[in-house]
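Spelled out from the first residue to the last, the chains are:
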Amino acid sequence: MKKIKTCGILIVLVSCILLISCNGSDRLKDGYYKAETSEYDHGWKEFVSVCVMKGNIVSVEYNAKNSSGFIKSWDMAYMRNMDKAKGTYPNEYTRNYARQFFENQNAAKVDALSGASSSAGKFEKLAAAVFEQAKKGDTTIAVIDVRE
(Lines give C-alpha, C1' and ligand atoms only; values in the text may rest on other atoms or scores of the structure.)
Protein backbone atom coordinates (compact mmCIF):
# COMPACT_ATOMS: atom_id res chain seq x y z
CA MET A 1 0.00 0.00 0.00
CA LYS A 2 2.86 2.37 0.86
CA LYS A 3 4.54 1.63 -2.48
CA ILE A 4 1.34 2.50 -4.39
CA LYS A 5 0.97 5.85 -2.56
CA THR A 6 4.65 6.69 -3.09
CA CYS A 7 4.43 5.75 -6.75
CA GLY A 8 1.25 7.82 -7.18
CA ILE A 9 2.84 10.87 -5.52
CA LEU A 10 5.92 10.47 -7.72
CA ILE A 11 3.79 10.33 -10.88
CA VAL A 12 1.88 13.46 -9.85
CA LEU A 13 5.13 15.34 -9.11
CA VAL A 14 6.72 14.34 -12.43
CA SER A 15 3.53 15.35 -14.27
CA CYS A 16 3.52 18.75 -12.57
CA ILE A 17 7.17 19.35 -13.44
CA LEU A 18 6.53 18.41 -17.08
CA LEU A 19 3.51 20.71 -17.29
CA ILE A 20 5.41 23.63 -15.81
CA SER A 21 8.41 23.15 -18.08
CA CYS A 22 6.25 22.80 -21.20
CA ASN A 23 4.20 25.92 -20.48
CA GLY A 24 7.13 28.11 -19.48
CA SER A 25 8.97 29.87 -22.28
CA ASP A 26 6.73 29.01 -25.24
CA ARG A 27 3.53 30.29 -23.67
CA LEU A 28 2.36 33.64 -25.00
CA LYS A 29 2.09 36.46 -22.49
CA ASP A 30 -1.17 38.38 -22.31
CA GLY A 31 -1.11 41.82 -23.91
CA TYR A 32 -1.09 43.75 -27.18
CA TYR A 33 1.82 43.30 -29.57
CA LYS A 34 2.75 44.93 -32.86
CA ALA A 35 5.37 44.56 -35.58
CA GLU A 36 5.77 46.88 -38.55
CA THR A 37 8.03 47.19 -41.56
CA SER A 38 11.07 49.41 -41.22
CA GLU A 39 10.34 51.30 -44.44
CA TYR A 40 7.48 52.33 -46.67
CA ASP A 41 7.13 50.19 -49.79
CA HIS A 42 5.28 51.86 -52.67
CA GLY A 43 3.93 54.34 -50.13
CA TRP A 44 2.73 51.76 -47.57
CA LYS A 45 4.12 50.55 -44.25
CA GLU A 46 2.72 47.14 -43.34
CA PHE A 47 1.96 46.02 -39.80
CA VAL A 48 0.63 43.09 -37.80
CA SER A 49 -0.87 43.50 -34.36
CA VAL A 50 -2.24 40.85 -32.04
CA CYS A 51 -4.03 40.67 -28.72
CA VAL A 52 -3.16 37.73 -26.46
CA MET A 53 -5.44 36.63 -23.62
CA LYS A 54 -4.93 33.57 -21.42
CA GLY A 55 -1.93 32.59 -23.53
CA ASN A 56 -3.83 32.52 -26.84
CA ILE A 57 -4.06 34.96 -29.71
CA VAL A 58 -7.63 36.31 -29.64
CA SER A 59 -7.36 38.91 -32.41
CA VAL A 60 -5.07 39.62 -35.35
CA GLU A 61 -4.90 42.66 -37.57
CA TYR A 62 -2.79 42.81 -40.70
CA ASN A 63 -2.79 45.92 -42.85
CA ALA A 64 -0.70 48.78 -44.16
CA LYS A 65 -0.85 52.54 -43.73
CA ASN A 66 0.51 55.44 -45.71
CA SER A 67 2.41 58.37 -44.22
CA SER A 68 -0.83 60.14 -43.30
CA GLY A 69 -2.15 57.04 -41.51
CA PHE A 70 -4.71 56.05 -44.18
CA ILE A 71 -5.30 52.28 -44.18
CA LYS A 72 -4.55 50.41 -47.41
CA SER A 73 -7.59 48.12 -47.30
CA TRP A 74 -9.85 51.21 -47.25
CA ASP A 75 -8.46 52.53 -50.54
CA MET A 76 -11.21 51.72 -53.07
CA ALA A 77 -9.24 52.85 -56.14
CA TYR A 78 -6.27 50.69 -55.11
CA MET A 79 -8.65 47.78 -54.53
CA ARG A 80 -10.23 48.06 -57.98
CA ASN A 81 -6.87 48.33 -59.76
CA MET A 82 -5.28 45.46 -57.87
CA ASP A 83 -8.33 43.22 -58.23
CA LYS A 84 -8.28 43.68 -62.03
CA ALA A 85 -4.53 43.07 -62.26
CA LYS A 86 -3.99 40.38 -59.60
CA GLY A 87 -7.40 38.86 -58.81
CA THR A 88 -7.21 39.88 -55.16
CA TYR A 89 -7.02 43.09 -53.16
CA PRO A 90 -5.82 44.28 -49.73
CA ASN A 91 -9.11 43.90 -47.85
CA GLU A 92 -9.30 40.27 -49.01
CA TYR A 93 -5.73 39.05 -48.52
CA THR A 94 -5.07 40.93 -45.25
CA ARG A 95 -8.12 39.32 -43.67
CA ASN A 96 -7.20 35.92 -45.12
CA TYR A 97 -3.67 35.96 -43.71
CA ALA A 98 -4.85 37.30 -40.33
CA ARG A 99 -7.54 34.60 -40.14
CA GLN A 100 -5.02 31.84 -40.88
CA PHE A 101 -2.63 33.17 -38.21
CA PHE A 102 -5.48 33.33 -35.70
CA GLU A 103 -6.78 29.84 -36.49
CA ASN A 104 -3.33 28.19 -36.48
CA GLN A 105 -1.86 30.30 -33.66
CA ASN A 106 1.29 30.04 -35.77
CA ALA A 107 2.76 32.42 -38.36
CA ALA A 108 4.57 29.66 -40.25
CA LYS A 109 1.35 27.96 -41.32
CA VAL A 110 -0.02 30.65 -43.65
CA ASP A 111 -0.86 29.74 -47.23
CA ALA A 112 -0.26 32.51 -49.75
CA LEU A 113 -3.06 33.74 -51.99
CA SER A 114 -2.38 33.97 -55.69
CA GLY A 115 -1.72 37.61 -56.55
CA ALA A 116 -0.60 38.49 -53.02
CA SER A 117 2.44 36.25 -52.52
CA SER A 118 4.79 39.19 -51.87
CA SER A 119 2.50 40.34 -49.08
CA ALA A 120 2.40 36.78 -47.74
CA GLY A 121 6.18 36.83 -47.31
CA LYS A 122 6.04 40.16 -45.51
CA PHE A 123 3.15 38.97 -43.37
CA GLU A 124 5.03 35.85 -42.30
CA LYS A 125 8.05 37.90 -41.19
CA LEU A 126 5.90 40.41 -39.32
CA ALA A 127 3.74 37.72 -37.73
CA ALA A 128 6.81 35.74 -36.64
CA ALA A 129 8.24 38.88 -35.03
CA VAL A 130 5.01 39.72 -33.20
CA PHE A 131 4.74 36.08 -32.07
CA GLU A 132 8.24 36.31 -30.57
CA GLN A 133 7.30 39.59 -28.86
CA ALA A 134 4.28 37.86 -27.32
CA LYS A 135 6.40 34.95 -26.08
CA LYS A 136 8.72 37.41 -24.30
CA GLY A 137 5.95 39.74 -23.15
CA ASP A 138 7.73 42.62 -24.95
CA THR A 139 5.10 45.23 -25.89
CA THR A 140 7.48 47.53 -27.76
CA ILE A 141 6.81 47.75 -31.49
CA ALA A 142 9.09 45.38 -33.40
CA VAL A 143 10.48 47.07 -36.51
CA ILE A 144 11.34 44.52 -39.17
CA ASP A 145 13.28 44.78 -42.43
CA VAL A 146 11.19 42.72 -44.85
CA ARG A 147 13.04 43.50 -48.06
CA GLU A 148 13.49 40.43 -50.17
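Bear in mind the structure is a predicted one, so any value in this text is a computation, not a measurement. (Residues numbered from 1 in each chain as written. Predicted model: local features only at pLDDT ≥ 70, side-chain atom pairs only at ≥ 80, totals over all residues. Heavy atoms only, no water.)

### Re the overall build of the protein chain
- A tally of regular secondary structure across the protein chain gives four helices and four strands.
- Counting from the amino terminus, the protein chain carries its helices and strands in the arrangement α-β-β-β-α-α-α-β.
- Across the 148 residues in the protein chain, those meeting the buried criterion constitute 35%.
- Summarising the internal contacts of the protein chain: among those between residues at least 6 apart in sequence, 49% fall at separations of at least 24.
- In the form shown here, the protein chain has an accessible surface area of approximately 9,300 Å², with 57% of it arising from carbon and sulfur atoms. (Helix = DSSP H or I, 4+ residues; strand = E, 2+ residues; numbered from the N terminus. Buried < 20%, exposed > 50% of the residue type's maximum accessible area, 1.4 Å probe, protein only. Contact = heavy atoms within 4.5 Å. Areas by Shrake-Rupley, 256 points an atom, 1.4 Å probe, with all protein chains shown as cover.)

### Things to note about the nonpolar core
- Core analysis: the largest hydrophobic core is formed by 26 residues, its most contacted members being Val48, Val50, Tyr97, Phe101 and Phe123.
- Listing elements by their share of this core, those giving two or more residues are strand 1 (31-37), strand 2 (45-53), strand 3 (56-65), helix 3 (90-104) and helix 4 (117-136).
- Ranked by residue count, the leading element in this core is helix 4, at seven residues.
- When sequence neighbours within four positions are dropped, the list of residues in contact with phenylalanine 123 reads Val48, Tyr62, Tyr97, Ala98, Phe101 and Val110. (Core = buried A, V, L, I, M, F, W, Y, C linked by side-chain atoms within 4.5 Å.)

### So, the packing of helix 3 against helix 4
- At a minimum axis distance of 11 Å, the contact between helix 3 and helix 4 shows a crossing angle of 40°. When the axis of helix 3 is compared with that of helix 4, the two are oblique. Seen along the crossing, helix 3 lies across helix 4 with a hand that is right-handed. Listed contacts from helix 4 to Tyr93, Tyr97, Ala98 and Phe101 of helix 3 are Ser117, Ser119, Ala120, Phe123, Ala127, Val130 and Phe131.
- A breakdown of the residues in the contact of helix 3 with helix 4 according to their chemical character gives nine nonpolar, two polar and no charged. (Axes fitted to C-alpha atoms, helices over the stretch in contact; angles between N-to-C directions. Parallel < 35°, antiparallel > 145°, perpendicular 65-115°, else oblique. Left-handed = near helix turned anticlockwise from the far one by under 90°. Nonpolar A, V, L, I, M, F, W, Y, C, P; charged D, E, K, R; others polar.)

### Quick notes on the environment of tyrosine 97
- Assignment of secondary structure puts tyrosine 97 in helix 3.
- For tyrosine 97, a relative accessible area of 0% corresponds to the buried category.
- Spatially, the C-alpha atoms of tyrosine 97 and alanine 120 are 7.3 Å apart, while their sequence positions differ by 23 residues.
- In this structure tyrosine 97 touches Tyr62, Val110, Asp111, Ala112, Leu113, Ala116, Ser117, Ser119, Ala120 and Phe123, once residues within four positions along its chain are discounted.

### Remarks on the packing of aromatic side chains
- The final tally for this structure, using the stated rule, is eight aromatic pairs.
- Ring plane angle 75° and centroid distance 6.0 Å describe the contact between tryptophan 44 and tyrosine 78, whose orientation is recorded as edge-to-face. Note that tryptophan 44 is positioned in the loop between strand 1 and strand 2 and tyrosine 78 in helix 2 (residues 76-86), a separation of 34 residues in sequence.
- Measuring from ring centre to ring centre gives 6.0 Å for phenylalanine 101 and phenylalanine 123, while their planes differ by 80°; the resulting arrangement is edge-to-face. Remark: phenylalanine 123 occurs in helix 4 and phenylalanine 101 occurs in helix 3; sequence separation between them is 22 residues.
- Through pairs of rings, three or more aromatic residues link up here, namely Tyr62, Tyr93, Tyr97, Phe101, Phe123 and Phe131.
- Over the ring of phenylalanine 47 we find lysine 34; its NZ or CZ atom is 4.8 Å from the centre of that ring. (Phe/Tyr/Trp six-rings, centres within 6.5 Å; stacked < 30°, edge-to-face > 60°. Lys NZ or Arg CZ within 6 Å of the ring centre and 35° of its normal.)

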